Amino acid sequence: MSAIYITGGKPLSGSVRVQGAKNSVLPILAATLLSGGPCVIRNCPDLLDVDTSVRILRRLGCRADREEPGAVSVNAAGMDRFEIPETLMREMRSSVVFLGAILSRAGEAVLSYPGGCDLGPRPIDLHIAALRQMGAEIREEGGFLYCKAQRLTGCDIHLGTPSVGATENVMLAAARARGTTRIYNAAREPEIEDLQNFLNAIGGRVAGAGSSTVTVEGARHLGGAEHAVIADRIVAATLLAAVTLTGGDVRLTGARPGDLDTVISVLAKAGCGITSGGTEIRAKRDRAPRSMGRICTMPHPGFPTDAQALVMAAACRAEGVTMFSERIFESRYGHVGELLRMGADIQVEGRVAVVRGVAKLYGTRVCATDLRGGAALAVAGLAAEGETVLSGLTHIDRGYERFEDTLKTLGADVKRM
Ligand code: EPU
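Parameters and conventions
- Residues numbered from 1 in each chain as written.
- Predicted model: local features only at pLDDT ≥ 70, side-chain atom pairs only at ≥ 80, totals over all residues.
- Heavy atoms only, no water.
- Helix = DSSP H or I, 4+ residues; strand = E, 2+ residues; numbered from the N terminus.
- Rg over C-alpha atoms; globule rule 2.2 N^0.38 Å.
- Buried < 20%, exposed > 50% of the residue type's maximum accessible area, 1.4 Å probe, protein only.
- Contact = heavy atoms within 4.5 Å.
- Areas by Shrake-Rupley, 256 points an atom, 1.4 Å probe, with all protein chains shown as cover.
- Lys, Arg positive; Asp, Glu negative; His and termini not counted.
- Charge placed at Lys NZ, Arg CZ, Asp CG, Glu CD.
- Pairing = 2+ DSSP bridges.
- Expected span 1.5 Å × (residues − 1).
- Phe/Tyr/Trp six-rings, centres within 6.5 Å; stacked < 30°, edge-to-face > 60°.
- Lys NZ or Arg CZ within 6 Å of the ring centre and 35° of its normal.
- Domains from an automatic or database assignment.
- Buried area = accessible area lost by both parts, 1.4 Å probe.
- Salt bridge = Lys/Arg side-chain N within 4 Å of Asp/Glu carboxyl O.
- Polar contact = N/O pair within 3.5 Å; in protein donor to acceptor, adjacent residues only side chain to side chain.
- Near = heavy atom within 4 Å.

A.B. asks: Explain the overall build of the chain here, please?
C.D. replies: If you tally the helices and strands in the chain, you get 14 helices and 23 strands. On C-alpha atoms alone, the chain measures out to a radius of gyration of 21 Å, which is about the 22 Å that the 2.2 N^0.38 rule sets for 417 residues. Projected onto its principal axes, the C-alpha positions of the chain cover 65 × 45 × 40 Å. In the chain, buried positions account for 57% of the 417 residues. Counted over contacts in the chain with a minimum sequence separation of 6, partners at least 24 positions apart contribute 71%. When the accessible surface of the chain is summed, it comes to about 15700 Å², and 47% of that surface belongs to carbon and sulfur atoms. Separation of charge centres in the chain, based on 48 positive and 45 negative side chains, amounts to 2 Å.

Put into structure tokens, the structure is as follows:
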């Protein structure tokens with residue numbers, strides 16, 4: 001079993017380019033199913049979840065290849081299947097956004113429930129209810145979804161929660177549906193805007209992404225296009241949290257500072273000097289981090305749940321008390337037990353975690369239990385005394401492109417064996 005070995009204690013310094021966003025590229029790859037022509041997706045990170053999407057596309061009869069580094073080409077003209085095997089469905093959460101696209105394209109879809117990080121129950125009731133409202137017949141049996149729709153019809157959909165995946169699924173189903181679909185209480189994450197931009201590039205008529213109402217006018221035919229996915233704000237947040245903890249001076253290029261406002265203001269409170277301009281962010285920290293007060297995760301533009309574990313790693317060494325309140329997922333503190341093994345002082349009660357900064361963290365054997373939690377353990381390891389051995393790397397490889405190389409570029413003592 002491979003592991004990342006981190007010898008902590010070195011401040012980070014240097015410059016790295018932020019990879020393309022995992023949570024953008026996955027729905028965009030699903031959206032290529034709607035296209036009648038060749039698509040090239042650029043700034044495409046090299047991740048296990050991207051490989052899984054490529055395997056799903058091929059399984060459905062599409063051509064999908066990584067012809068050059070950083071780009072995936074898809075031609076969905078030959079799509080001749082509408083089923084995704086359970087093994088592929090279970091590899092990631094995003095497999096579920098293929099549902100809207102397959103149903104729209106083929107009029108039929110058979111899928112099992114999706115996998116993904118274990119963050120407590122992750123129902124898909126909003127996805128199913130919305131697609132039913134658009135005219136789909138969906139039967140749930142033995143963990144499988146059997147779906148049919150002659151042609152989906154646009155309608156007004158009110159989401160009970162601004163679910164990212166449900167918003168994406170409806171956008172995909174609506175792009176070729178008859179008439180207009182309006183999604184109220186839509187998710188406002190930057191990845192929704194990126195999906196809108198891709199759909200419009202292939203000839204779709206989508207507006208409003210980034211606000212809480214997204215309008216999709218169905219189009220009969222969608223063509224091919226080239227599209228570059230946006231920078232990954234959570235990877236950027238990971239590196240900013242790491243500098244806040246270890247100290248140093250890091251420049252991130254190819255980033256989108258505007259997507260990170262809440263994370264930047266929290267880390268600034270900890271004492272990290274963060275400046276940005278255009279597509280660059282510079283983070284500099286030369287004193288011990290301070291408490292960040294109270295942090296509540298919220299849908300965008302609030303503080304992202306995906307950054308909770310990463311900022312918690314920095315809080316472990318911050319002077320004073322930092323309190324986290326996880327409002328998105330029921331159980332997103334899988335990393336806490338491992339941080340305790342490293343000497344952190346954290347108390348969890350329900351959805352609240354109280355972190356009292358300690359003078360030292362210690363390297364030990366830890367295991368990633370989910371993607372962001374795993375990255376948080378690596379961040380903690382960068383500032384720990386001695387060696388941290390981090391296993392469970394399949395979680396990290398789902399979302400971080402050659403994570404150890406990125407950290408090495410910034411001067412960290414890290415190797416994968
Ligand atoms: N929810 C429902 N019913 C639904 C859908 C969602 O009750 O039908 C609830 C969920 O249980 C959760 C909340 O709504 O409590 C938000 O879930 P959402 O659907 O927004 O999340 P998601 O689409 O499953 C995406 C990201 C996650 C990120 C969340 C929140 C992808 C592939 N995943 O998940 O990213 O945490 O939005 O921003 O886009 C990660 O990258 O590590 C990750 C977990």
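A.B. asks: Quick question: what am I supposed to make of the pairing of strand E5 (residues 71-75) here?
C.D. replies: A regular strand places its side chains so that they alternate between the two faces of the sheet. The element E5 is extensively covered by neighbouring structure, given that 4 of its 5 residues are classed as buried. Across 5 bridges, strand E3 (residues 38-42) lies against E5 in antiparallel orientation. The partner of Cys-39 across the bridge, within E5, is Val-74. Between strand E4 (residues 63-68) and E5, which follow one another and run antiparallel, lie 2 residues, and Gly-70 among them has a positive phi close to 80°.

A.B. asks: Whenever I open this one, helix H8 (residues 233-246) confuses me. Can you help?
C.D. replies: For an α-helix, 3.6 residues make a turn, and residues three or four places apart therefore share a direction. Across its 14 residues, H8 extends 20 Å between first and last C-alpha, which sits within 8% of the 20 Å expected from 1.5 Å per residue. Along H8, 14 of the 14 residues are buried, which leaves the element largely enclosed by surrounding structure. Gly-247 occupies a position one or two residues after H8 and carries a positive phi of about 80°.

A.B. asks: In this structure, what is going on with the side chain of Thr-167? I would like to understand it.
C.D. replies: Following the sequence through the fold, Thr-167 ends up in helix H6 (residues 164-174). Beyond its immediate chain neighbours, meaning those up to four positions away, Thr-167 contacts Leu-159, Ile-183, Ala-186, Ala-187 and Ile-192.

A.B. asks: Explain helix H10 (residues 308-315) here, please?
C.D. replies: The buried fraction of H10 amounts to 8 of the 8 residues, a majority that puts the element mostly inside the structure. Within the span of H10, buried status applies to Gln-308, Ala-309, Leu-310, Val-311, Met-312, Ala-313, Ala-314 and Ala-315.

A.B. asks: Which parts of the structure should I look at to understand the packing of aromatic side chains?
C.D. replies: Here the distance between the centres and the angle between the planes together describe a pair of aromatic rings. For the structure shown, the criterion picks out 2 aromatic pairs. Ring centres of Tyr-400 and Phe-403 lie 4.7 Å apart, and the angle between their planes is 45°; this geometry places the pair in the tilted category. As far as burial versus exposure is concerned, Tyr-400 and Phe-403 are alike and both buried. Here the basic side chain of Arg-139 rests over the ring of Tyr-146, its NZ or CZ set 4.6 Å away from the ring centre.

A.B. asks: Which parts of the structure should I look at to understand the domain arrangement of the chain?
C.D. replies: Examined at the domain level, the chain breaks down into domain 1 (4-17 + 231-416) and domain 2 (22-228). Each of domain 1 and domain 2 has a C-alpha centre, and the two are 30 Å apart. Between domain 1 and domain 2, the contact holds 22 residues from the first and 22 residues from the second. Across the interface of domain 1 and domain 2, roughly 1900 Å² is buried in total on both sides, 53% from carbon and sulfur atoms. Considering only the side of domain 1, the residues that lose the most area to domain 2 are His-300, Arg-398 and Glu-401, jointly responsible for 33% of the buried surface there. The tally of links between domain 1 and domain 2 comes to 3 salt bridges. With a shortest N-O distance of 3.0 Å, Arg-402 and Asp-46 are connected by a salt bridge. Remark: the boundary between domain 1 and domain 2 carries 7 residue pairs in polar contact (both at pLDDT 80 or more). Sorting the residues of the side of domain 1 that touches domain 2 by element identifies helix H12 (371-382) and helix H13 (393-397) as the ones contributing at least two each.

A.B. asks: Explain the site of the ligand to me, please; I cannot follow it from the model alone.
C.D. replies: Near the ligand, the surroundings consist of 24 residues, among which Asp-125, Ser-163, Val-164, Asp-306 and Ile-328 are the closest. Between the ligand and the protein, one listed contact pairs an oxygen atom with a side-chain N or O atom of Asn-23 at 3.0 Å. Pro-123 places a polar main-chain atom, nitrogen or oxygen, 3.3 Å from an oxygen atom of the ligand. Look at the ligand: alone it shows 820 Å² of surface, and the protein chains cover 89% of it. Sorting the residues of the shell around the ligand by element identifies helix H1 (22-31), helix H5 (125-133), H6 and H12 as the ones contributing at least two each. Ranked by the residues each element gives to the shell around the ligand, the list is headed by H5, at 3 residues. Residue contributions to the shell around the ligand reach at least three from each of two domains, namely domain 1 (4-17 + 231-416) and domain 2 (22-228).

A.B. asks: Even after reading the chapter, I still don't get unusual backbone geometry, so can you show me in this structure?
C.D. replies: The general pattern is negative phi for most residues beyond glycine and trans for most peptide bonds. In this structure, Pro-301 follows His-300 across a cis peptide bond, with omega equal to 15°. In this structure, Pro-301 sits in the loop between strand E17 (293-296) and H10. Of note in the backbone geometry, Asn-43 takes a positive phi value of approximately 55° without being a glycine. For Asn-43, the position within the fold is in the loop between E3 and helix H2 (48-59).

A.B. asks: Quick question: what am I supposed to make of the environment of Ile-183 here?
C.D. replies: Examined against the element boundaries, Ile-183 turns out to sit in strand E10 (residues 180-184). For Ile-183, a relative accessible area of 0% corresponds to the buried category. Each C-alpha atom of the pair Ile-183 and Ile-157 lies 4.9 Å from the other, and the pair is 26 residues apart in sequence. Once residues within four sequence positions are removed from consideration, Ile-183 is found in contact with Ile-157, Leu-159, Thr-167, Val-170, Met-171, Ser-212, Thr-213 and Val-214.

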